[in-house]
Amino acid sequence: MNFIDTHTHLDGEEFDTDRDEVVARAKAAGVNKVFIPAVNLPSVDTVLSSCARYPGFVYPMIGLHPEDVKADWRGVLAQMKARLDADGRPFIAIGEVGLDYYWSREFEKEQLEAFEEQVRWSVESRLPLMIHCRKAQNEMVHLLRNYKSDLPGGVFHCFTGNEKEAAELLQFDNFVLGIGGVLTFKKSHLPEVLPAAVPLERIVIETDSPYMAPVPMRGKRNESAFALYVLKRLAECYGVSDEEVAAATNGNVRRVFGL
């Protein structure tokens, strides 16, 4: 049984001492592909170097994370766009992009403008979006509705919402919800929300490693091998086999990312 971790920060310094071992454990667990988002300009290079180190296993995205949007965002995006447009760049998605008003709204306007510009990249390039949204779903949905008929699709990363919020996101065709370790947490309502509101054909698996490790690894550094715990919990929630979850989520990845 093989499956895909659609969101990991394998290029991060948290993995500098044992990256090869992390990849080996992921493959042993059944992970046959991982997708890595850029979050800022320096990370474009670390993401690409990870892909070069593990060809056919690691796939890159390019984007400016909302928490990295500052006053200089226009210049940063200009440099990123040049990388995106360069011949031979193997990016599979625009990400990790979006809105995050959890800690601060200091750069609220800049986040909105940067997100919209990167949404336009997605429309122009036909690359899907990897969207991060925290405490900003109303603003995000309002913006995306302006491009609804033109969007190629994507992932609403780290979905933790309720049935109403799920329905609001699933109105966007060819978008899926990224489900990670939160599904396994004791106080999570996702085990009830997902089967009630989200078809299995609208879900992909992710870890967001090194963050948010699932139970029984909670509190430890997360890694792609732990995606197996998410897969098994999804199978329990939907009342299907592990293999059915793997087949469905792999199919969703093929549909959204073409991989």
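Reading guide: rules and limits
Residues numbered from 1 in each chain as written. Predicted model: local features only at pLDDT ≥ 70, side-chain atom pairs only at ≥ 80, totals over all residues. Heavy atoms only, no water. Helix = DSSP H or I, 4+ residues; strand = E, 2+ residues; numbered from the N terminus. 1 Å grid on protein atoms, 1.4 Å probe; cavity = no way out; pocket = protein on both sides within 12 Å on 5 of 7 lines; lining within 4 Å. Points joined across faces, edges and corners; volume = space filled by probe spheres on them. Nonpolar A, V, L, I, M, F, W, Y, C, P; charged D, E, K, R; others polar. Pairing = 2+ DSSP bridges. Axes fitted to C-alpha atoms, helices over the stretch in contact; angles between N-to-C directions. Contact = heavy atoms within 4.5 Å. Expected span 1.5 Å × (residues − 1). Buried < 20%, exposed > 50% of the residue type's maximum accessible area, 1.4 Å probe, protein only. Arc of directions from axis to C-beta. Salt bridge = Lys/Arg side-chain N within 4 Å of Asp/Glu carboxyl O.

Q: Just give me the short version of unusual backbone geometry, but keep the residues and values in it.
A: That bond from Ser209 to Pro210 is cis: its omega, 15°, falls within 30 degrees of zero. Counting through the fold element by element, Pro210 comes out in the loop between β8 (203-205) and α8 (227-238). Positive phi, normally seen in glycine, also occurs at Lys135, with a value near 55°. Residue placement: Lys135 occurs in the loop between β5 (129-134) and α5 (137-145).

Q: Quick one: what's the story with empty space enclosed by the protein, residue by residue and with numbers?
A: Tallying each qualifying case throughout the model produces one cavity of 30 Å³ or more. In this structure, the largest cavity encloses a volume near 30 Å³. As for the largest cavity, its lining consists of Cys158, Phe159, Gly180, Gly181, Val182, Glu206, Asp208 and Met212. Along the lines of polarity and charge, the residues of the lining of the largest cavity split into four nonpolar, two polar and two charged.

Q: Which residues make up the sheet that holds β8, and what values go with them?
A: Spatially, the eight strands line up as an open sheet ordered β1-β2-β3-β4-β5-β6-β7-β8, and their pairing is parallel. Sheet topology places β1 (3-5) and β8 at the edges, where each strand pairs with a single neighbour. The mean inter-strand angle of the sheet, taken between neighbouring strand axes irrespective of direction, is 30°. Sheet topology places strand β2 (residues 31-36) next to strand β3 (residues 58-62); three bridges connect them, and they run parallel. If you follow Phe35 over to β3, its bridge partner there is Tyr59.

Q: Before we move on, could you go through the side chain of Gln137 and cite the residues and values that matter?
A: For Gln137, the position within the fold is in helix α5. Look past the residues within four positions of Gln137 in its chain and what remains in contact with it is Glu165, Glu168 and Leu169.

Q: Mind laying out helix α3 (residues 73-85), listing which residues take part and the relevant values?
A: Spanning 13 residues, α3 covers 18 Å between terminal C-alpha atoms, matching the ideal 18 Å at 1.5 Å per step. Here α3 has its buried residues at Trp73, Val76, Leu77, Met80 and Leu84. Relative to the axis of α3, the buried residues are bounded by an arc of 95° and lie together on one face.

Q: An account of the layout of surface pockets is requested, with residue identities and associated values reported.
A: Looking at the largest pocket, its volume works out to about 1000 Å³. The wall of the largest pocket is formed by 38 residues, among which His132, Cys133, Arg134, Cys158 and Met212 lie closest to the centre. For the lining of the largest pocket, the elements supplying multiple residues, two or more each, are α2 (41-53), β5, α5 and α6 (163-170). For the lining of the largest pocket, the element with the highest residue contribution is β5, accounting for four residues. Taken together, the residues of the lining of the largest pocket break down into 16 nonpolar, 12 polar and 10 charged.

Q: Can you explain the pattern of salt bridges? Please cite residues and give values.
A: One pass over the structure, following the stated rule, counts 17 salt bridges. Between Arg120 and Glu116 there is a salt bridge whose closest N-O contact spans 3.8 Å. In this pair, Arg120 and Glu116 both sit in helix α4 (residues 108-125), four residues apart, roughly one turn of the helix. For Arg120, a relative accessible area of 34% puts it in the partly exposed group. Its relative accessible area of 24% is what places Glu116 among the partly exposed residues. The salt bridge involving Glu223 is made with Arg221; its shortest N-O contact spans 3.3 Å. Using a relative accessible area of 4% as the deciding quantity, one classes Glu223 as buried. One connected set of salt bridges, linked through shared partners, spans Asp18, Arg25, Arg221 and Glu223.

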